[in-house]
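The primary structure of each chain is shown beneath.
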Amino acid sequence: MRSDRHARHVIALDVGGTGMKAALVGADGALLYEARRATGRERGPEAVVETVLAFAAELRAYGAEHFGRGAVAAGVAVPGIVDAERGIARYAANLGWRDLPLRDLLAARLGGVPVALGHDVRTGGLAEGRLGAGRGTDRFLFVPLGTGIAGAIGIGGAIEAGAHGSAGEIGHVVVRPDGPACGCGQRGCLETLASAAAVTRAWQAASGDPAADAADCAKAVDSGDPAAVRVWHDAIDALAAGLVTALTLLDPRTLIIGGGLAEAGDTLFTPLRAAVAERVTFQTLPEIVPAALGDTAGCLGAGLLAWDLVDAKATPPSSPSPAPHEGPSDTHTHTPSLAPEVTA
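Predicted model only: the values in this text are computed from it and were never measured.

**Details of helix H9 (residues 297–314)**
No. 1: The end-to-end C-alpha distance of H9 is 25 Å, a good match for the 26 Å that 18 residues give at a rise of 1.5 Å each.
No. 2: Within H9, the full set of buried residues consists of Ala297, Gly298, Cys299, Leu300, Gly301, Ala302, Gly303, Leu304, Ala306, Trp307, Val310 and Ala314.
No. 3: Those residues of H9 that are buried are in contact with strand E1 (9–15), strand E2 (19–26), strand E3 (31–38), strand E4 (74–78), strand E8 (115–119) and helix H3 (120–131).

**Things to note about the sheet that holds E1**
No. 1: As summarised here, the arrangement of the 5 strands in space is E3-E2-E1-E4-E8, forming an open sheet in which the pairing is mixed. For this open sheet the edge positions go to E3 and E8, each flanked by a neighbour on one side alone. Strand-to-strand twist in this sheet, taken as the mean axis angle between neighbours without regard to direction, amounts to 15°.
No. 2: The sheet contact formed by E2 and E3 spans 7 bridges and is antiparallel. The residue of E3 that forms the bridge with Leu24 is Tyr33.
No. 3: Along the sheet face, helix H1 (residues 45–67) touches E1, E2 and E3 and points at about 155° away from the line of E1.
No. 4: In the packing of H9 onto the sheet, the strands contacted are E1, E2, E3, E4 and E8, and the crossing angle to E1 comes to about 135°.

**Focus: the environment of Gly80**
No. 1: Structurally, the position occupied by Gly80 is in the loop between E4 and strand E5 (81–83).
No. 2: Here Gly80 falls in the partly exposed class, since its relative accessible area comes to 30%.
No. 3: Sequence separation between Gly80 and Leu95 is 15 residues; the distance between their C-alpha atoms is 9.0 Å.
No. 4: Sequence-distant contacts of Gly80, that is, excluding residues within four places in its chain, are made with Tyr91, Ala92 and His119.

**Some words on the pairing of strand E9 (residues 139–144)**
It is a general feature of regular strands that their side chains alternate between the two faces of the sheet.
No. 1: For E9, the tally of buried residues reaches 5 of 6 residues, placing the bulk of the element in the interior.
No. 2: Sheet topology places E9 next to strand E10 (residues 152–155); 4 bridges connect them, and they run antiparallel. Each bridged residue has a counterpart across the sheet, and for Leu141 the counterpart in E10 is Ile153.
No. 3: The pairing of E9 with strand E12 (residues 254–258) spans 5 bridges and is parallel. Paired with Phe140 across the two strands is Thr254, which belongs to E12.

Cut-offs used in this document
Residues numbered from 1 in each chain as written. Predicted model: local features only at pLDDT ≥ 70, side-chain atom pairs only at ≥ 80, totals over all residues. Heavy atoms only, no water. Helix = DSSP H or I, 4+ residues; strand = E, 2+ residues; numbered from the N terminus. Expected span 1.5 Å × (residues − 1). Buried < 20%, exposed > 50% of the residue type's maximum accessible area, 1.4 Å probe, protein only. Contact = heavy atoms within 4.5 Å. Pairing = 2+ DSSP bridges. Axes fitted to C-alpha atoms, helices over the stretch in contact; angles between N-to-C directions.

Now the structure itself:
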């Protein structure tokens, strides 16, 4: 983190089911201050909301004290179904939220500064696209393999949200129609077979160890355990099927794989690249690379959303020149862009 007494900055919050990551992000993308806090969902949805608002207020106070000014904007990334345009967290099962006007609540707590609300995976994808593994790539698909699986579709430095805010839900592509039941109501969804949670369940059953997890399975694969190799191969086969479906539809230049399962490194990427290459026919095989930003991606992406708001407010909308008899308008004053120069 950098020390700059007069740094302009924004507040960035990444709210998860169990913990929150936060930062004050400078105009060049630098992390000026970082903090973490438990979400406390066991206390109920209203308490979680208050925790988020209080955390944001503390960050604003820290910025004012240490950098001589308050934040100029804020960005927050949340899981579930998000209406980013209206600033509403429509549904988050892990947090108990329904139709929560989080953007307005945060703006009120932060003294009226502009606030951007984003979906956690798409926000993480924005950061990977501008600052991480997708930097310089015009089209990419970011797929974090965690408790579930989702995707962020990167096009020209922006993330495609879809007509209804649900683009990129690759975790609910059916790859095994006779597979396990999924919470979405289908069977054999990709995330029931290839997420870190799915590998954990399969390895617990195969090893007989209820405390084992996906990382333990990867270690057992490295040691040559045949049961672990079978579990790992099944997950990679399902993952490759889902990824080939995605690249058939999207034709990305780069596939960025992140999340807990990607921490296995070559144990994941070497067989995954081979499995995808074996499945493609007419499709162009994209580069398959690990995510670069780790668990800071969501927080960095929230900061980028906030700086994008500052940039939008600093650039007045274009309008026709006034007619000669009207005289010049004095309602707009041009301000240079204040957003970080990090666009790919």
